[in-house]
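These are the residues of each chain, in order.
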Amino acid sequence: MAASYNPLNNNSTHPSPYGSGNPYYNESSGFITPHPAPKKRISNWIKFGVPVVIIIIIAAVVGGVLGSRKSSNNSSSSSNGGSSGSASDSAAASSAVSAKLALGRFATATDSEFMVPLYPSTTNSAFSTPTFVPSTNAKIAWPSDPFQPSSPSVTSMRPDRPRLIAPAYKWQALPNLIKNDPYLQAWNATIFGNATDYFSQVPVVYFMDGPSGILDNAREVKMRIKAFAYAYRMSNDTKWVDRAWAEIQNAAGNGTTSFGPDVDKWNTAHFLDTAEFSAAFGIAYDWLYDMWSDDQKSQIRSTLIKYGLQPGLSVFNGGASFGWWSASTITGNWNCVCNGGLTLASLAILGDDTTNIASQLLGFTINDAKSACVNAVTDDGTWAETANYWYFGTTAHAEMASSLLTATGSDYGLLDSNTNFFRTGQFHMYAYGPTSLFNYGDHGPNKFSTTANSMFLYAEHFSQASYSLHQREQADAAEPWSMFWYDPTVSGAFWDGAPLDHFFDNGLDQWASMRSSWTDQHALFLAIKAGKNQGRQTHNDLDVGDFVLDALGTRWAGELGSGDYRAPDYFTSDAQDAVRWEYYRKMTEGQNTILVNKTNQNVLAAPTVQHNSSGTTQGASTVINIPSDSTAYWTSDISSAYFSATSVKRGARLLNARRQVLVQDEITASQGVQWRMHTNATVSIDQGGTSVTLTLDGQTMKVSMLNPPSGAVFTRTDAVRFTTDVTPPAPDQDNPGVSVLVIDLPAGTYSLQVLFNPQWPGMAASDFVTPPSVALDNWSLTSHN
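Numbering of residues starts from 1 in each chain and follows the order in which that chain's sequence is written. In keeping with the model being predicted, local features are shown solely for residues with a pLDDT of at least 70 and side-chain atom pairs are shown and tallied solely at 80 or more, while totals for entire chains, interfaces and linings include all residues. Excluded from the side-chain calculations are hydrogens and water; all other atoms, namely the structure's heavy atoms, are used.

Attention now goes to the overall build of the protein. A run of DSSP states H or I qualifies as a helix once it reaches four residues; a run of E qualifies as a strand once it reaches two. Both are numbered from the N-terminal end. Scanning the protein for helices and strands turns up 15 helices and 21 strands. Counting across all 785 residues of the protein, residues that qualify as buried make up 64%. The contact criterion used is simple: two residues touch if any of their non-hydrogen atoms lie within 4.5 Å. Contacts in the protein between residues far apart in sequence, at least 24 positions, make up 74% of those at least 6 positions apart. In these tables, accessible area is a Shrake-Rupley quantity obtained with a 1.4 Å probe, and a residue counts as shielded only by the protein chains included in the view. Approximately 25,700 Å² of the protein is accessible, and the part contributed by carbon and sulfur atoms is 50%. The buried label applies to any residue whose accessible area, calculated with a 1.4 Å probe on protein chains only, is under 20% of its type's maximum; exposed applies above 50%, and partly exposed to all values in between.

What follows covers the sheet that holds strand S13 (residues 645-655). Ordered in space as S11-S12-S13-S14-S21-S18-S17-S16, the 8 strands form an open sheet in which the pairing is antiparallel. Two strands lie at the open edges of the sheet, namely strand S11 (608-613) and strand S16 (682-685), each paired on one side alone. Averaged over neighbouring strand pairs, the angle between their axes works out to 15° when direction is ignored. When DSSP finds two or more bridges between a pair of strands, those strands are recorded as paired. Two elements, strand S18 (residues 699-706) and strand S21 (residues 748-758), share 6 bridges in a ladder whose sense is antiparallel. Inter-axis angles, ranging from 0 to 180 degrees, are taken between N-to-C directions of lines fitted to C-alpha atoms, where helices are fitted over the stretch in contact.

The subject of this paragraph is the sheet that holds strand S19 (residues 714-718). If you trace the 4 strands from one edge of the open sheet to the other, you get S10-S15-S20-S19, paired in antiparallel fashion. Two strands in the sheet have a free side with no partner beyond their single neighbour: strand S10 (594-596) and S19. Pairwise comparison of adjacent strand axes, ignoring direction, gives a mean angle of 35° for this sheet. Bridge count between S19 and strand S20 (residues 739-745): 5 bridges; the pairing is antiparallel. The residue of S20 that forms the bridge with Thr-715 is Val-742.

Before going further, it helps to spend a moment on the pattern of salt bridges. Throughout this description, the term salt bridge denotes a Lys or Arg side-chain nitrogen within 4 Å of a carboxyl oxygen of Asp or Glu. Summed over the entire model, instances satisfying the criterion amount to 26 salt bridges. Here Lys-222 and Glu-399 are joined by a salt bridge, their closest N and O atoms 2.9 Å apart. Pair noted here: Lys-222 is in helix H5 (residues 215-235) and Glu-399 is in helix H11 (residues 389-408), with a separation of 177 residues, a long-range link. Considered together, Lys-222 and Glu-399 belong to a single accessibility category, that of buried residues. Members of the salt-bridge network, linked through shared partners, are Arg-219, Lys-222, Glu-276 and Glu-399.

This paragraph deals with the confidence of the model for the protein. For the protein, per-residue confidence averages 89 on the pLDDT scale, and 88% of positions sit at 70 or higher. The low-confidence segment residues 1-85, where pLDDT is below 50, has 223 contacts with residues more than four positions distant or belonging to other chains. For every residue, the pLDDT score states the predictor's confidence, bounded by 0 at the bottom and 100 at the top.

With respect to the helices and strands, Asp-487 occurs in the loop between helix H15 (480-485) and strand S4 (490-491). His residues and chain termini do not enter the charge count, which takes Lys and Arg as positive and Asp and Glu as negative. Buried charge Asp-487 goes without a salt bridge, the closest partner of opposite sign being Lys-100 at 7.9 Å.

Now for the nonpolar core. Nine residue types can take part in a nonpolar core, namely buried Ala, Val, Leu, Ile, Met, Phe, Trp, Tyr and Cys, and a core is a set of them joined through side-chain atoms within 4.5 Å. One finds Trp-187, Tyr-230, Trp-287, Leu-309, Met-483 and Phe-484 to be the most contacted residues of the largest nonpolar core, which totals 155 residues. Among the elements that line this core, the one with the most residues is H5, at 12 residues. The contact partners of Met-483, leaving out residues within four places of it in the chain, are Trp-142, Leu-174, Ile-178, Leu-184, Trp-187, Asn-188, Ile-191 and Tyr-230. Within the second largest apolar cluster, 54 residues are counted, among which are Ile-594, Val-661, Trp-675 and Tyr-750.

Keep in mind that most residues, glycine aside, have a negative phi and that most peptide bonds are trans. Here the amide bond leading from Arg-161 into Pro-162 is cis, since omega sits at -5°, within 30 degrees of zero. Phi is positive for Ile-165, which is not a glycine, with a value near 70°. With respect to the helices and strands, Ile-165 occurs in the loop between strand S3 (131-132) and helix H3 (168-179). Judged by relative accessible area, which is 2%, Ile-165 ranks as buried.

For the rest of this paragraph, the subject is the packing of H3 against H5. H5 packs onto H3 with a crossing angle of 80° between their chain directions and a minimal axis gap of 10 Å. By the criterion of interaxial angle, the relationship of H3 to H5 is roughly perpendicular. Between H3 and H5, the residues in contact are Trp-171, Leu-174, Pro-175 and Ile-178 and Tyr-230, Arg-233 and Met-234, respectively. Here the nonpolar group is Ala, Val, Leu, Ile, Met, Phe, Trp, Tyr, Cys and Pro; Asp, Glu, Lys and Arg are the charged ones; every other residue, Gly included, is treated as polar. For the contact of H3 with H5, the class distribution of residues is 6 nonpolar, no polar and 1 charged. Should an angle fall under 35 degrees it is taken as roughly parallel, and over 145 as roughly antiparallel, whereas 65 to 115 is taken as roughly perpendicular and any remaining angle as oblique.

Think of it this way: a Phe, Tyr or Trp ring, Trp meaning its six-membered ring, pairs with another when their centres are within 6.5 Å, and the plane angle makes it stacked under 30 degrees, edge-to-face over 60, tilted otherwise. Throughout the structure, instances matching the rule amount to 55 aromatic pairs. On the numbers, 5.1 Å between centres and 70° between planes, the contact of Phe-127 with Trp-495 is edge-to-face. One end of the pair, Phe-127, is in the loop between strand S2 (117-118) and S3; the other, Trp-495, is in the loop between S4 and strand S5 (501-504), and 368 residues separate them in sequence. As far as the burial class goes, Phe-127 and Trp-495 line up, both buried. Relative to Phe-259, the ring of Tyr-206 lies with its centre 5.1 Å away and its plane at 75°, an arrangement referred to as edge-to-face. Taken as a pair, Tyr-206 in the loop between helix H4 (182-200) and H5 and Phe-259 in the loop between helix H6 (239-251) and helix H7 (271-287) lie far apart in primary sequence, 53 residues in all. Through pairs of rings, three or more aromatic residues link up here, namely Phe-106, Tyr-119, Phe-127, Phe-427, Tyr-430, Phe-438, Tyr-440, Phe-494, Trp-495, Phe-504, Trp-511 and Trp-518. A ring is considered to have a charge above it if a Lys NZ or an Arg CZ atom is located within 6 Å of its centre and within 35 degrees of its normal. The ring centre of Phe-199 lies 5.2 Å from the NZ or CZ of Lys-239, which sits over that ring. Lying over the aromatic face of Trp-518, Arg-515 brings its terminal NZ or CZ to 3.8 Å of the ring centre.

Let's shift gears to the environment of Ala-719. Structurally, Ala-719 can be placed in the loop between S19 and S20. Note on Ala-719: relative accessible area 4%, which makes it buried. Expressed as a C-alpha distance, the spacing of Ala-719 and Glu-589, which sit 130 residues apart in the sequence, is 9.0 Å. Each residue touching Ala-719, except ones within four places of it in the same chain, is listed here: Tyr-584, His-678, Asn-735, Val-738 and Val-740.

Below, the discussion takes up the pairing of S16. Sheet topology note: the S16/strand S17 (residues 691-696) ladder contains 4 bridges and is antiparallel. Across the sheet, Ser-684 pairs through a bridge with Thr-693, a residue of S17. The hairpin turn running from S16 into S17, its antiparallel successor, is 5 residues long, and Gly-689 in that turn takes a positive phi close to 85°.

Here we take up the state of the cysteines. Throughout, disulfides are identified as pairs of cysteine sulfur atoms within 2.5 Å of each other. All told, the structure shown has 1 disulfide when counted by the stated rule. Disulfide pairing places Cys-336 opposite Cys-373 at an S-S distance of 2.1 Å. Across the disulfide from Cys-336 to Cys-373, rotation about the S-S bond amounts to roughly 100°, and the bridge is consequently right-handed. With a gap of 37 residues between them, Cys-336 in helix H9 (residues 333-349) and Cys-373 in the loop between helix H10 (357-371) and H11 connect regions that are remote in the sequence. Relative accessible area serves as the criterion here: at 1%, Cys-336 is assigned to the buried category.

Let's shift gears to the side chain of Gln-753. Looking at where Gln-753 falls in the secondary structure, it is placed in strand S21. For this analysis, a polar contact is any N or O atom pair within 3.5 Å, provided that within protein one partner can donate a hydrogen and the other can accept it, and provided that sequence-adjacent residues contribute only side-chain to side-chain pairs. Here the side chain of Gln-753 touches Ser-751 through a polar contact of 3.3 Å, side chain to side chain. Within the local environment of Gln-753, its side chain forms a polar contact with the side chain of Ser-773, the two groups lying 3.0 Å apart.

Printed below as a string of structure tokens:
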């Protein structure tokens, strides 16, 4: 019988929505199968994949995101590090600590549907310009690393352990920092809560998930090892070492149950699995080095070399068939994760490895990652795959760079060889709306040990304080890497001075992010894209013109996300005739865009974009007063995406002080045209058919056509393929609770103007505006006044 793959809720009522090992689970998305009875504040949209483990523990552990803003740490027995500095410095530091602890965490709770932070409506003196405030006081700042080699070498290690990410000097300093920082306090408590829960679970059960391999297994093992090792080093309780050893023994095939075939236990055919197991074993070896017996160390090394490093070396010097990810064209998460896992493991055992495999691998992995992984960030900061795959790629990249820095004294250009890499934190921030990501394309498998905590490392290295300030409020911040990457000297509010709009113009990406607030959970948020339909490591959809829309605390136009990763030829090709484009969630008809002749878009599409913004920024307050002339717009000529149209243009703009949205399409097509939008809302179409009332989560959105073409009416349909579509090799997933709002027109020339009016509390009907009809080519900041 297949494993019921849910680390916390092992039951059929609430199966894990993020892992694909559940026997009832046939998709790699946020939909749950079988679907539980509807509950308040549960959305069918695929949201950011916060591990279920973290969500549940955060809700249960004192000091987590949900609940108390303050907590204390009684778990540590380590000594404090650093010096107190002068008397005046000490007094200033004490004053800063007192103020910090009194204020607590900026976000006061987490939204239970979308797992996003909720901010109080207030102005506070701490809500100021993002910055780092240098200090040498041990209460509020990390000491300097005593390991400062003058000529770093990848095979010359620091003399003490641990080597990876968290050297001994940081462990010594951490208890004092935890005591004086509300974020570190909360994360520490949550990590211990998670470790306690993992402790009571049986070791990870082997489950081969078809072509997705045992990746969930690998990432869960890594997640557990990190928690157990952290808990030991902060408590000196050897029960955590024993539990980590049980997990190691199990994943090595030496436990009480079988764990895969002896010949290829870590599934090199899907090398992500191999890499993540290698990283997990490297972390265990290094962080618990002083606790392992010589025999245990030998067992860990031999397992790691046999199932991880030796196959990895064959990729570089033997042309292994499973090494396709090492090509310079693999600018995405595969190259980052595979090189990262091999690097962490090699650094961990270097010096103890008598086979010389670890040192050989380090001669390959760094340069390989510099040729591909780092180039997954385009010149505007966008991750080349999708907003969700950003998590996998940047986690691995940050782990690799950080481990090299701490183990050898240099990252060898991993952080800086792509001169635009620093922008990727900005990409992540603007991809996030009030409810969730602009989650176009594939969402990926269970994240488990994958988070957005690379933002902490990037914040410090690139001097981008806002990255750290943004991430520290997020639900996935509470895990071991944060405890060492977070710089407690960071100060201010990420939103202070942050523009409400940003446009990403790289030809691969071409997308816009527009909003009415950074801190209001009910804010309006519009994200829309053009870009190319290829070049995304086969993780994209045929979705030029796609958009999402948030308002009133919920998502009105949303994404369906990943298809079934185990479906035949899902990843084989992104050519025009690829099987991938036969699955509903990947087809153009499964997107919020224009469909012509009920056929897919051209994979060779090359749109052009224009845009502008009034440049409105948010101030220090979480409450923003929007000027009456504040606006932003984005237009794109997407004609090249269509085979049966001579011209297709799409534009979107914010109206009426960012309280309304206009989506406008100008189309000349020789075949039938459909305007399509997927929504979780209940759809009520008025008698004339040109306006619609959407209701969702107790809120209301009015949608209407302005100057509707003759015969244009709204209709509603289920999110299923047309009966005339080709039958794919595997059935589509169900999309329960999802409606498609449609405008269906015959061949011709049209201007479709669709106005979205969220029904804001206290806003009378007379407060809404009806904008003039303006051709897209004539849009400007004042064209709709």
